[in-house]
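Listed here are the chains, written in short residue letters.
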Amino acid sequence: MSKRKQFLDSVHHEHVQDFLNFIGLHKDGADPFDLAEVLVELQRSQRQELWERQLKLLQHSLTAHPPERWITGAEEDAGDMDVEISEEQIQTMAVIEGVTIVSTVSVDILQENDTYTSLLNCAQMLNCIESALPLSHTPLQQAIHWLFECWWRQDLKGKEELGWTAFLVCLENTVTLEKPVSELRRLCTLREVLLSVDFASERGQQVIDPLLQCFFRPSHIKQEEGKRFLAFLFSWNDNFIRMIHETIKNQLPFFPKTLSVHVAEIYFRAWRKASGPSLEEIESTCIQDLMQHTLLLHRNSPVHSKVRQKFREGIDEMLHRLYKPIMWKALKATNAEVRANATLLFTEAFPIHDPSMSSEMVDQAVQKQLDLLFALLDDPQPLVRSSAVLGVCSVLGRCWEVIPSTVITDLLEKLILQLANDTSSPDVRCSVFMCMSIILDNSLSHPLMEKLLPALKSSLHDSSEKVRVAFVGMLLKIKGVRAAKFWKVCSLEHLLARLEMDSPPVSKRIVNLLFNSFFPVNQPETVWCERCVTLIQTNPGAARKFYQHAYLYTAPANIVKLMLVIRKCLNVCIQNAGDDEFTSSNKENSTMLEDVLSVQDTASMASLLEILVILWKSVQKSLIANQEAFKYTTSKFASVLPQYLKIFQEERCKAPLILLASLLPATSVPALRSKVMSHLRSLKAGTAVTAYSQSVECLCSWGQISHIVELIENWLTEAAPVKAQGDEDTTGKVHFDGLEESKPDLGLDYLDYLVLRPKTRDCLLTLPLDQIRTLQKALNKWKSLLFSSLSGSEVSVAAIETALRAFVFHGRLSIHLQHKYPEEREFLKSLEHSVSWVEKRVLPFLANSSSEQQLSLSRKTVESCLTVCKNVLRVSVGDRDFRDHLLQHVTSVLQTEKGYICTPHVLALLTEVAQGCLSHKSEGQEDQLLLTIRILTNMFQKVVEIIAHRLRKDKEEGQELCCCSEEALHDFLLVTKLVTTERSEFITGVFSSLCAAVIIDISRTLQKISHVEEVLTPETVNDLPPLSNTILKVTLRSPAVTRFFLSEMRSSIESEAIDSITQWAAVTHILTIVKQSDAFVVELKEIALSVLRQIQNHYISAENTDNIQRTIYESTIMMLNDILNPSQKPNS
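The structure presented is a predicted model; accordingly, all values stated were derived computationally and were not measured. (Residues numbered from 1 in each chain as written. Predicted model: local features only at pLDDT ≥ 70, side-chain atom pairs only at ≥ 80, totals over all residues. Heavy atoms only, no water.)

## Some points on the overall build of the protein
A count of helical and extended segments in the protein gives 57 helices and two strands. Here the C-alpha radius of gyration of the protein, 45 Å, is well above what a compact globule of 1132 residues would show, namely 32 Å. The principal-axis extent of the C-alpha atoms belonging to the protein is close to 145 × 110 × 85 Å. Looking at the protein as a whole, 51% of its 1132 residues qualify as buried. Across the protein, the fraction of contacts at a sequence separation of at least 24, relative to all contacts at a separation of at least 6, is 72%. Just so you have it, the protein exposes about 53,500 Å², and 50% of that area is on carbon and sulfur atoms. Within the protein, one finds 116 positive and 138 negative side-chain charges whose respective centroids are separated by 6 Å. (Helix = DSSP H or I, 4+ residues; strand = E, 2+ residues; numbered from the N terminus. Rg over C-alpha atoms; globule rule 2.2 N^0.38 Å. Buried < 20%, exposed > 50% of the residue type's maximum accessible area, 1.4 Å probe, protein only. Contact = heavy atoms within 4.5 Å. Areas by Shrake-Rupley, 256 points an atom, 1.4 Å probe, with all protein chains shown as cover. Lys, Arg positive; Asp, Glu negative; His and termini not counted. Charge placed at Lys NZ, Arg CZ, Asp CG, Glu CD.)

## Thoughts on the environment of Val 944
Position of Val 944 relative to the elements: it lies in helix 50 (residues 926-953). What makes Val 944 buried here is its relative accessible area of 10%. For the pair formed by Val 944 and Val 808, sequence separation is 136 residues and the distance between their alpha carbons is 28 Å. The contacts of Val 944, once residues within four sequence positions are left out, are Ser 993, Leu 994 and Ala 997.

## Quick look at the packing of aromatic side chains
Pairs of aromatic rings are described using the distance from one ring centre to the other and the angle between the two planes. Overall, the coordinates contain 31 aromatic pairs when judged by the stated rule. Summarising the aromatic geometry, the rings of Phe 519 and Trp 528 are spaced 5.0 Å apart at their centres and angled 55 degrees between planes, so their arrangement reads as tilted. Pair check on accessibility: Phe 519 and Trp 528 agree, each one buried. Ring pairs connect the aromatic residues Phe 515, Phe 518, Phe 519, Trp 528, Phe 546, Tyr 547 and Tyr 553, which therefore count as one cluster. (Phe/Tyr/Trp six-rings, centres within 6.5 Å; stacked < 30°, edge-to-face > 60°.)

## Some points on unusual backbone geometry
Cis peptide bonds are those with omega within 30 degrees of zero, and the linkage from Phe 350 to Pro 351 qualifies with -5 degrees. In this fold, Pro 351 is placed in the loop between helix 20 (336-349) and helix 21 (359-377). In this structure, Asp 155 is a non-glycine residue whose phi angle is positive, near 55 degrees. In this fold, Asp 155 is placed in the loop between helix 8 (138-153) and helix 9 (159-176).

## A short note on helix 43 (residues 769-780)
Compared with an ideal rise of 1.5 Å per residue, which puts twelve residues at 16 Å, helix 43 spans 16 Å between its outermost C-alpha atoms and is within 8% of the ideal. Within helix 43, burial applies to Gln 771, Ile 772, Leu 775, Gln 776, Ala 778 and Leu 779. The buried side chains of helix 43 occupy one side of the element, clustering within an arc of 160 degrees when seen end-on. Away from the buried face of helix 43 by more than 90 degrees, exposed residues Asp 770 and Lys 777 are located. If you follow the buried residues of helix 43, they end up packed against helix 40 (705-718), helix 41 (744-756), helix 42 (758-765), helix 44 (783-790), helix 45 (797-820) and helix 46 (826-847). (Expected span 1.5 Å × (residues − 1). Arc of directions from axis to C-beta.)

## Some words on helix 37 (residues 651-663)
For helix 37, which comprises 13 residues, the first-to-last C-alpha distance of 19 Å matches the rise-based estimate of 18 Å (1.5 Å per residue) to within 8%. Considered for burial, the residues of helix 37 that qualify are Cys 653, Pro 656, Leu 657, Ile 658, Leu 659, Leu 660, Ala 661, Ser 662 and Leu 663. Elements in contact with the buried residues of helix 37: helix 34 (602-618), helix 35 (620-625), helix 36 (627-647), helix 38 (672-682) and helix 39 (689-701).

## Considering a positive patch on the surface
On the surface, Arg 952, Lys 955, Arg 1004 and Lys 1008 cluster together into a patch of positive charge. Among the structural elements, Arg 952 can be located in helix 50. Relative accessible area serves as the criterion here: at 52%, Arg 952 is assigned to the exposed category. (Patch = residues over 30% accessible without salt bridge, like charges linked within 9 Å, V, L, I, M, F, W, Y side chains within 5 Å. Salt bridge = Lys/Arg side-chain N within 4 Å of Asp/Glu carboxyl O.)

## Considering the packing of helix 21 against helix 23 (residues 405-418)
Geometry of a packed helix pair, given as the angle between the helix axes and the separation of the axes. Interhelical geometry of helix 21 versus helix 23 gives an angle of 10 degrees and a closest axis separation of 11 Å. Our classification of the angle between helix 21 and helix 23 gives roughly parallel. Contacts between helix 21 and helix 23 involve Leu 370, Phe 374 and Leu 377 from the first element and Val 407, Asp 410, Leu 411, Lys 414 and Leu 415 from the second. Residue composition of the contact of helix 21 with helix 23, grouped by class: six nonpolar, no polar and two charged. (Axes fitted to C-alpha atoms, helices over the stretch in contact; angles between N-to-C directions. Parallel < 35°, antiparallel > 145°, perpendicular 65-115°, else oblique. Nonpolar A, V, L, I, M, F, W, Y, C, P; charged D, E, K, R; others polar.)

## A word on the environment of Cys 917
Tracing the backbone through its elements, the reader meets Cys 917 in helix 49 (residues 903-918). When the C-alpha atoms of Cys 917 and Leu 930 are compared, they prove to be 8.7 Å apart, with 13 residues separating the residues in sequence.

## Focus on the side chain of Ser 386
Along the chain, the position of Ser 386 falls in helix 22 (residues 382-399). In this view, Ser 386 contacts Asp 427, Val 428 and Ser 431; residues no more than four positions away in its chain are not counted.

## Brief notes about the confidence of the model for the protein
For the protein, per-residue confidence averages 85 on the pLDDT scale, and 91% of positions sit at 70 or higher. In this model, residues 584-592 is a region of pLDDT below 50 whose contacts with residues beyond four sequence positions or in other chains number 16 contacts. Counting contacts from residues 1128-1132, a segment whose pLDDT is below 50, to residues more than four positions away or on other chains yields two contacts. (pLDDT = per-residue confidence, 0-100.)

## Let's talk about the state of the cysteines
Under the criterion given, the structure shown has zero disulfides. Summary of cysteine pairing: Cys 995 is not part of a disulfide, and the nearest cysteine sulfur, belonging to Cys 962, is at 17 Å. Judged by relative accessible area, which is 1%, Cys 995 ranks as buried. (Disulfide = S-S within 2.5 Å.)

## Some words on the side chain of Ser 507
Along the chain, the position of Ser 507 falls in helix 29 (residues 504-518). Since its relative accessible area comes to 0%, Ser 507 is described here as buried. In terms of polar contacts, Ser 507 uses its side chain to reach the side chain of His 549, at 3.5 Å. Residue contacts for Ser 507: discarding those within four places in its chain leaves Leu 499, Asp 502, Lys 545 and His 549. (Polar contact = N/O pair within 3.5 Å; in protein donor to acceptor, adjacent residues only side chain to side chain.)

As structure tokens, then:
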């Protein structure tokens, strides 16, 4: 019996196992049995018999073990019971799989006259049960779906039902899978299924959401199959087009700009394939809506640049028709932004015309549009002119061949001669130069541009940096496309002058422009050096800038080669000067630039040395990374550096040589260290920083900073104050041992340089602690000189200044050391000791000074101490004990009779304490923090009282104090922004003090009025008394602070703590001043209403008041009415 006959007989419920065996052979790739070959060889009647037999087999299997008895995934996954799948179910699943395989193969080999009713019944039966299959049989489910997909593609009877199932499954997979590329391809082949479903039907409504979700997925929008499918969806139903468009519009703000290009592609494909009502719907609902939004959206909208996508060629008629009702109207709109948007759309679509029009009408339309371009370039708004510049340049770049030459010339002259010099807007000037590159991309423009561009040369010196950047960018474009010689547009002299003085964004671009001219990497290295010397002699400043940025445009190896060739050039100059010793030790090529340079040319020599340092620093990291190159380079320069130092003695040459030495390892220049130290010792006090900065940097880079610290320490120690002995004519005087030899001021200058700069400070703090402690002790000794001066001893002014500087440096160094070693309190204790010393030794002199000199010194000492302590808190190195110690010290200062003169510094310190407390979040210390906050508010109240007292006692001195305290008070009030609701007590305490101070201050002024004419309405904050003036001026600088202030004032009014007409008037004066800020309208009206009610009650109970109080009342009522009804003018 043949295999065909055996297989046909096996398709029966009594021979199920034989049937399954045949299916297994088919699935086994190694076995020659192939169902496709078997079915093709069967006769038509045999195929029909096969399909009938497999239908009966499937029906029998499902009747014997129906889906209701199948164990699904829920039972299989039950963790608390053992579920055993029966043999019947296993066999049923195998039969279903076999029937599916046979059916799929049958669909592929169906012939024209085959009757496949039984096969259709099998497929429909599989369609009914596929959703009930257990989760463990997902591959079988996928095989059934593939059968339905093949059925749809073969266009067989009953395809709608089967295709719908396959379509739904593919749609769900594309929406849920992370990488749905393969499913997207299948969905695209099944897309026609959707046309068989009515949009309004239950099935249609079922798929609306999944279909719209496809427009959320970047994978659908970017993939070719996805674009094809999404564009097809526009053809399903007109109502669905609107839903698609709304979905896309809602998502556009969240799409990246690159994705919006693909969205435009989808719209275009949908429009191109649409016809009839669908085409009208796409044009009116989608495309024209996007056009409208492009015109009306703000420039800063995230959607603006995404809806403004360029349209494709071949759609002139559509653009002409859709733009007609909106474009020309928008170009003449009142709103400048709408005109600017319309300008961009208009120029991108230029020329807008209907291809069906006659050539004469097209010419007329284009001429009108060209006239419109000129009009847009003259628009009064810079935004529109900038957009018009971009549009005109894009039009010229695209349509150069078809626009009349006279029009082109006129447009370019308009751009170059007029708009490039638009003094009213740098944006317009910038647009001209940025957009010129669009025109230069068209090679036909080059001859005309070459004639016109030189008129722009002065724009290199434009006052706006962005214009200069754009201009140089245009020169780079000219150079890149070879449209003209860029030096004919702007001369080399002007380029170098601008390179020397301009900012990095401009100078880097100029370097890029000139790089091949002065650093021709394709030519021999000797040419590099010649160009370098030429550049130096032309403009030394520009040369330094050029080589500072040269590393951006070439490899580090080329920079090193240039350094070495400059070294050779210097060697040649020294040899030509007749240095026999140098000549014998440097047997190198000596033929370069012999007639150009000489050692006597100091300026050129110094410039070459400076450029060496600049080049080395630009590639220092790369050199260190390549140790072989680093060793070679350092050995080359180390061998000649001593001779350079001997030959080049001028000051300008010494500075770059010292810097060059700092770049070399210390071991390569052993003799130079002593020379550098000698230089530092030889300088005089008051020397400029530039005289010693290179030497200090050099020693730091060599790791020799300990020698500088030792020098500073020796000078400070030698000059430290000691009591005189055996000097009969100087009782109580101070002498200085070896004062002529030591230079403590210069030592402190060196220390200041070390501490200020991060690199040198890091070197300083890496020294052993013992050496730094010794330096600290030397600084600390100078406190005794301060006390001696305060005690009446005769000390020079210079020595006092030195002692005060040493005192400050002791504190600064302690801060850095505490930050470096936070685990110990050694340096905090040193600071606490200094604070205690000030409190014990200095404050008594501040309270009872006998001379101006004593008062000035004690004040400077206290303020220096407060400043150092403020910095401790600012860098968060102080702990709670230190903070408490400071608050005690501040209390002592405030209680001192003349402590008020330190008020600005006290406020600055309280600001740091408050900031630390209010931003503190550690648990378990809440009670301590609340206590500190109460102390802070009490201290702040004390400060306000001190200022008020000073104003009453000495008005001139009080006003000076208010002026000095203004910035510190502002900083303190800004801290209130950090306050949380749990610590609102701080806000209440601070602003209640301020409100009370202002109200009392203004009230007292009103009480002193002796004539009715003196009752005036304040127009500005300067019309208020000094204390109120300062407090309100500071308060109004911050909206948040002003709001806190008004809130506290409202609380004071509601508590009825104010009970006199002058105090109500004071409140009204404050409201009048705040009203001028045009903010806080609601708060002001609420307070004004409360004031009005209470002040009227008060006046009713005091009808017999004198004329002055009545005038104050009337003035107050008038101001309150003005606040409540600002539009109403008072009657004259």
